[in-house]
Amino acid sequence: MFTMFSIFKEHRHNAKQIFMLAKTELKKDYKGSFLGTGWAVVKPLFTLFIYWFAFSFGIRASGDIAGLPRFIFMLVGFIPWFFISDSILFGSQSIRKNRQFVVKMYFPVSNIMTFTLLEKFMVHLLLCGLMVVYLCFAGYWPSVYTLQFFYYCPLMFLFFLALSWSTAPMSAFSRDFENFIKSIMTGLFWLSSVMWDSYTMDIDWLRRLMLFNPINYFVNGYRKAFVSQEWFWEYPQETLIFLAELVVIMLLGMYNYKRLRKRLPDVL
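Conventions used here
- Residues numbered from 1 in each chain as written.
- Predicted model: local features only at pLDDT ≥ 70, side-chain atom pairs only at ≥ 80, totals over all residues.
- Heavy atoms only, no water.
- Helix = DSSP H or I, 4+ residues; strand = E, 2+ residues; numbered from the N terminus.
- Buried < 20%, exposed > 50% of the residue type's maximum accessible area, 1.4 Å probe, protein only.
- Contact = heavy atoms within 4.5 Å.
- Axes fitted to C-alpha atoms, helices over the stretch in contact; angles between N-to-C directions.
- Nonpolar A, V, L, I, M, F, W, Y, C, P; charged D, E, K, R; others polar.
- Salt bridge = Lys/Arg side-chain N within 4 Å of Asp/Glu carboxyl O.

**Here's the deal with the overall build of the protein**
A count of helices and strands for the protein gives 12 helices and 0 strands. In sequence order, the secondary structure elements of the protein are arranged as α-α-α-α-α-α-α-α-α-α-α-α. Out of the 268 residues belonging to the protein, those deemed buried represent 49%. Within the protein, contacts between residues at least 6 apart in sequence are counted, and of these 78% link residues at least 24 apart.

**So, the packing of helix α6 (residues 109–137) against helix α10 (residues 214–228)**
Following both chains from N to C, one finds α6 and α10 inclined at 35°, their axes separated by 12 Å at the closest point. Residue-level inspection shows H124, C128, M131, V132 and L135 of α6 in contact with α10, the latter providing Y222, F226 and V227. Grouping the amino acids of the contact of α6 with α10 by side-chain chemistry returns 7 nonpolar, 1 polar and no charged.

**Digging into the environment of P214**
Topologically, P214 is positioned in helix α10. Assessed through its relative accessible area of 19%, P214 is described here as buried. When the C-alpha atoms of P214 and F242 are compared, they prove to be 6.2 Å apart, with 28 residues separating the residues in sequence. Other than its neighbours up to four places away in sequence, P214 contacts F159, F242 and E245.

**Focus: the environment of M254**
In this fold, M254 is placed in helix α11 (residues 236–260). In sequence terms M254 and L163 are 91 residues apart; their C-alpha atoms lie 9.6 Å from each other.

**Observations concerning the pattern of salt bridges**
With the rule as written, the count across this model stands at 6 salt bridges. A cluster of three or more residues bridged by salt bridges with shared partners is formed by R96, E178 and K182.

**Quick look at the environment of V41**
Structurally, V41 is set in helix α3 (residues 39–58). According to the relative accessible area criterion, V41 is buried, its value standing at 12%. With 82 residues separating them in the primary sequence, V41 and V123 have C-alpha atoms 6.9 Å apart. Apart from the residues within four sequence positions on either side, V41 is in contact with L126, L127 and L130.

In structure tokens:
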């Protein structure tokens, strides 16, 4: 509990600086290019275009998924996935990439993970806005169910921020762990319900097992909010499992952060 209080204190005193660093990181990532930070949006949009083209003209997969047109189903799943994958990858690399804040100056280590994920979160909000515009043109207008976005979105940020409290220090200590994170990303994508419906799996035990994948919780949650018109409390088992996982991830994150942060300057 003391660790949680100290992390909160570090953020309270550096809130403005964290926000400025997030904007600076976003500009720095695309410095020197014509589109600048626009590339942060172009890349995921191009990925979505490729999938739209493939399934509309190439593969020609027929039929809806969960009662939704195939591309609409995938679109709403990809938007949170873009943020999730960036949060896992860049969150785990954040301390090593910003070692100057640890070695050369006094800067709260927990703030490094926050401004790294905040940069990705800004892009995510912009993509969400573009998604809503497309959905309106496709006939899926915002409704009262869309209010769930304000439940899922902050919770998603909190979950993967807490995860980075563990992965970032561990990656700073071991490049093998960082490489492990990179190597499992493709597997995480296909094990999550970005392109398929985890609720309609034929094998009962496997369908229940998928409830323990936190990525599914957010991907399915975005679909509930924007297109399928369902409430999250209609799936109480899934919600309880996720909240239990959130508590575990936060406790592990605080433990690892407290255990490793004082040793980071020597390692880096």
